[in-house]
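Chain residues, written in single-letter form:
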Amino acid sequence: MLKVTLDVFSGRPNPSWILAETEAQEILKEINNNRAMVAEVNSGYQGLGYRGITLEILSDDATETANLPNLFQIANGASLYESKGLELAERLISGMSNDELRVSALGSFSDFDETLRRQLLDHLGTFPKLASLGEPDSSSAMSDDMTIASAVCRIERSAFNPNFWNNPAHQSRNNCYNYAVNRRTDTFAQPGRATGTYPYPMDCASVRAAALSDGAHKRYDCLPESEKPRYLIALVVAPGVDYHWYRSQKEGFWGHKPGGTPAKNVDNSGNLITNPETCDRTSGWPSYTQFCGYFYRAKSMQIR
Amino acid sequence: MKRSVPLQFLPPKATHFMVSLVLVGILGCVMPVSEGGKMQVEVDVFSGRPNPEWTLTPSEVNELNQLVQALPTDTGEGTPKEGLGYRGLIVTKTDSRTEGYNKISISNGHVIVVDQGRSKRFADRNRSLERWVFQTGKGRLEEPLYQQIRKQLD
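Everything numeric in this text was worked out from a predicted model, so none of it was measured. (Residues numbered from 1 in each chain as written. Chains lettered and ligands numbered in written order. Predicted model: local features only at pLDDT ≥ 70, side-chain atom pairs only at ≥ 80, totals over all residues. Heavy atoms only, no water.)

## A few points about the environment of A:Val152
Residue and element names in this part refer to chain A.
At step 1: Mapped onto the elements of the fold, Val152 is located in the loop between β6 (135–136) and β7 (154–155).
At step 2: For the pair formed by Val152 and Asp137, sequence separation is 15 residues and the distance between their alpha carbons is 6.7 Å.
At step 3: Apart from residues lying up to four places away in sequence, Val152 is in contact with Ser83, Pro136, Asp137 and Cys222. (Helix = DSSP H or I, 4+ residues; strand = E, 2+ residues; numbered from the N terminus. Contact = heavy atoms within 4.5 Å.)

Shown next as structure tokens:
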């Protein structure tokens, strides 16, 4: 029997519940396979707001619990494997309003309201990061893709420098792809052209394949240090018509360069781009409706 | 006895006529009398793919130049379009020997003309210049694309 407590409130009692047995077994198995995610209670972030998830083993009959402490925390900022902890935290929080996964709830039912759940899920993406070389790529733009890789990938983010791109001698000769990959070739670079796979038809799969052919990596397929700077970039497509790219900048927003027009950090509505998945990229025609995913730009990429 | 008439004794009109003939004869072979020159229209619509473009015929170039010359000065209301999606048309001189403007940018009721390194702004009332330039793309631009962009001009 596994009790889950969200260490989140200051005045009110924290929400807590007992997990259904099959879910509990799966969670414990995952923890046992990734022991580095286990942390001591209250060893992590101690300020206001979300602090971590406390797990308490309440019975001795589960095979998975033999080597685990009776009481511990995950995703509290202090474990040695935070990304895995966050992944499990996401699973637990997502499931907290699911009757099939929850046997009983302790505390009032209003603790499990949708707003809290959604806010917590959003917050997990920006929970205190580990300080290290490069930064861990831990989901600053929320996506529905729950299959986060088991390793933490390191990335770099560059400062937004539009003047470099908006120089009249170069502006019209470089496009969104040049910008995302940060290489001013003056060839209006096309994904795949340097490596022989020009995208056709114009859809996510083709443009993705072309970029990978040029040497980009899909997100969570980590690049080594030798490929620094490893920018996080995002691809969208106007199906059958055109594609567009964004690059994650140091300042916390995303930059882009629509064709030969100036590089900027705002979308079609004039709003700062904090999330390429939800920014305005559909109010004109062509309408870039499809979000194709995130990638890493590698130093050794070839583009033309 | 045959008498030849020296040039200075010819009536003035005849002299002028003969001089003109000679000049046209010489210059006509070197410089076309009314040459539209080569200008290219680029539809500023894509972000990744290169923009589509076509070349205007000499008579289209002449008509364009006349239309541009007739434009009123820009009062500055609104701005040219930027960002994703169809933005406007860019007409550029592709032949340096061609008379006329280096570049004409037409977007959302505004025209920016670059000539000899200087730029000037004009107003494109009702986007009529933009519509006229765009319709020269009929048959030159792939039809589905032509139709989609035409809707943006309505």
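More follows now that the structure is in view.
## Some points on the sheet that holds strand β1 (residues 39–44) of chain B
Residues and elements named next belong to chain B.
At step 1: On the basis of which strands lie adjacent, the open sheet formed by 6 strands has the order β2-β1-β3-β4-β5-β6 and antiparallel pairing. Sheet topology places β2 (53–56) and β6 (118–123) at the edges, where each strand pairs with a single neighbour. Neighbour-to-neighbour, the strand axes of the sheet open up by a mean angle of 20°, direction not taken into account.
At step 2: As paired elements, strand β4 (residues 103–107) and strand β5 (residues 110–115) share 5 bridges and run antiparallel to each other. Within β5, the residue paired with Ile104 across the bridge is Val113.
At step 3: The strands touched by helix α2 (residues 58–69) within the sheet are β1, β2, β3 (88–93), β4 and β5, with β2 carrying the most contacts at an inclination of about 90°. (Pairing = 2+ DSSP bridges. Axes fitted to C-alpha atoms, helices over the stretch in contact; angles between N-to-C directions.)

## Things to note about the packing of aromatic side chains
Residues and elements named next belong to chain A.
At step 1: All chains considered together, the criterion is met by 8 aromatic pairs over all chains.
At step 2: For the pair Phe164 and Trp165, a centre-to-centre distance of 5.2 Å together with 85° between the ring planes defines the contact as edge-to-face.
At step 3: Classification of Trp165 by relative accessible area gives buried; the value is 2%.
At step 4: Members of the aromatic cluster, connected to one another through ring pairs, are Phe164, Trp165 and Tyr179.
At step 5: Its guanidinium or amino end placed over the ring of Phe164, Arg184 lies 4.0 Å from that ring's centre, counting from NZ or CZ.
At step 6: Its end group placed over the ring of Tyr179, Arg247 keeps NZ or CZ at 4.4 Å from the ring centre. (Phe/Tyr/Trp six-rings, centres within 6.5 Å; stacked < 30°, edge-to-face > 60°. Buried < 20%, exposed > 50% of the residue type's maximum accessible area, 1.4 Å probe, protein only. Lys NZ or Arg CZ within 6 Å of the ring centre and 35° of its normal.)

## So, the interface of chain A and chain B
At step 1: Contact with chain A, which involves 23 residues of that partner, is made by 17 residues of chain B.
At step 2: Carbon and sulfur atoms make up 58% of the surface buried where chain A meets chain B, a total of about 1600 Å² over both sides.
At step 3: With its nearest N and O atoms 2.8 Å apart, the salt bridge here joins A:Lys264 to B:Glu82.
At step 4: Our count for the contact surface shared by chain A and chain B stands at 13 residue pairs in polar contact (both at pLDDT 80 or more).
At step 5: Counting residues per element, the side of chain A that touches chain B draws most heavily on strand β10 (residues 242–248) of chain A, at 4 residues. (Buried area = accessible area lost by both parts, 1.4 Å probe. Salt bridge = Lys/Arg side-chain N within 4 Å of Asp/Glu carboxyl O. Polar contact = N/O pair within 3.5 Å; in protein donor to acceptor, adjacent residues only side chain to side chain.)

## Considering the environment of A:Gly293
All names here are of chain A.
At step 1: Its location among the elements puts Gly293 in strand β12 (residues 290–297).
At step 2: With a relative accessible area of 14%, Gly293 lands in the buried category.
At step 3: For the pair Gly293 and Cys204, spaced 89 residues apart in the sequence, the C-alpha separation amounts to 8.6 Å.
At step 4: Setting aside residues no more than four positions away along its own chain, Gly293 makes contact with Ile233, Ala234 and Leu235.

## Points about helix α1 (residues 21–33) of chain A
Residue and element names in this part refer to chain A.
At step 1: Helix length check: α1, at 13 residues, gives a terminal C-alpha distance of 18 Å against a target of 18 Å (1.5 Å per residue), a fit within 8%.
At step 2: For α1, every residue scored as buried is listed here: Glu23, Ala24, Ile27, Leu28 and Ile31. Around the axis of α1, the buried residues are gathered within 130° of arc, so they sit on the same side. Relative to its buried face, α1 has exposed residues pointing more than 90 degrees away, namely Thr22 and Asn33. (Expected span 1.5 Å × (residues − 1). Arc of directions from axis to C-beta.)

## Points about the packing of α2(B) against helix α3 (residues 128–135) of chain B
In a packed pair of helices, the relevant descriptors are the angle between the two axes and the axis-to-axis distance.
Residues and elements named next belong to chain B.
At step 1: One can describe the packing of α2 onto α3 by two numbers: an axis separation of 11 Å at closest approach and a directional angle of 175°. Relative to α3, the element α2 lies roughly antiparallel. Of the residues in α3, those touching α2 at Glu60, Glu63, Leu64, Leu67 and Val68 are Leu129, Trp132 and Val133.
At step 2: When grouped by side-chain class, the residues that make up the contact of α2 with α3 number 6 nonpolar, no polar and 2 charged. (Parallel < 35°, antiparallel > 145°, perpendicular 65-115°, else oblique. Nonpolar A, V, L, I, M, F, W, Y, C, P; charged D, E, K, R; others polar.)

## Quick word on the nonpolar core
At step 1: Among the nonpolar cores identified, the biggest contains 68 residues, and A:Tyr177, A:Tyr243, A:Trp245, B:Leu64, B:Val91, B:Ile104 and B:Val133 are the most heavily contacted of them.
At step 2: Looking at this core element by element, the count peaks at 8 residues for strand β9 (residues 231–238) of chain A.
At step 3: Not counting chain neighbours up to four residues away, the residues in contact with A:Trp245 comprise A:Cys176, A:Tyr177, A:Ala180, A:Pro191, A:Val207, A:Ala211, A:Ile233, A:Ala234, A:Leu235, A:His256 and A:Phe295.
At step 4: Grouped together as the second largest cluster of nonpolar side chains are 32 residues, A:Ile27, A:Val38, A:Leu55 and A:Leu121 included. (Core = buried A, V, L, I, M, F, W, Y, C linked by side-chain atoms within 4.5 Å.)

## Side note on the confidence of the model for chain B
All names here are of chain B.
At step 1: This prediction gives chain B a mean pLDDT of 83; 75% of its residues lie at or above 70.
At step 2: The least confident element of chain B, judged by mean pLDDT, is helix α1 (residues 12–30) at 61; the most confident is α3 at 97.
At step 3: Below pLDDT 50 for its whole length, residues 28–35 participates in 4 contacts with residues either more than four positions away or in separate chains.
At step 4: This complex was scored by the predictor with a pTM of 0.63 and an ipTM of 0.74. (pLDDT = per-residue confidence, 0-100.)

## Notes on the state of the cysteines
Residue and element names in this part refer to chain A.
At step 1: For the structure on display, the rule yields 2 disulfides over all chains.
At step 2: Each disulfide pairs two cysteine sulfurs, and for Cys153 the partner residue is Cys222, the sulfurs being separated by 1.9 Å. Taking the torsion about the sulfur-sulfur bond, which here is approximately -85°, the covalent link between Cys153 and Cys222 counts as left-handed. Taken together, the residues span a long stretch of sequence, with Cys153 in the loop between β6 and β7 and Cys222 in the loop between β8 (217–218) and β9 at a distance of 69 residues.
At step 3: Paired by a disulfide, Cys204 and Cys292 hold their sulfur atoms 2.1 Å apart. (Disulfide = S-S within 2.5 Å.)

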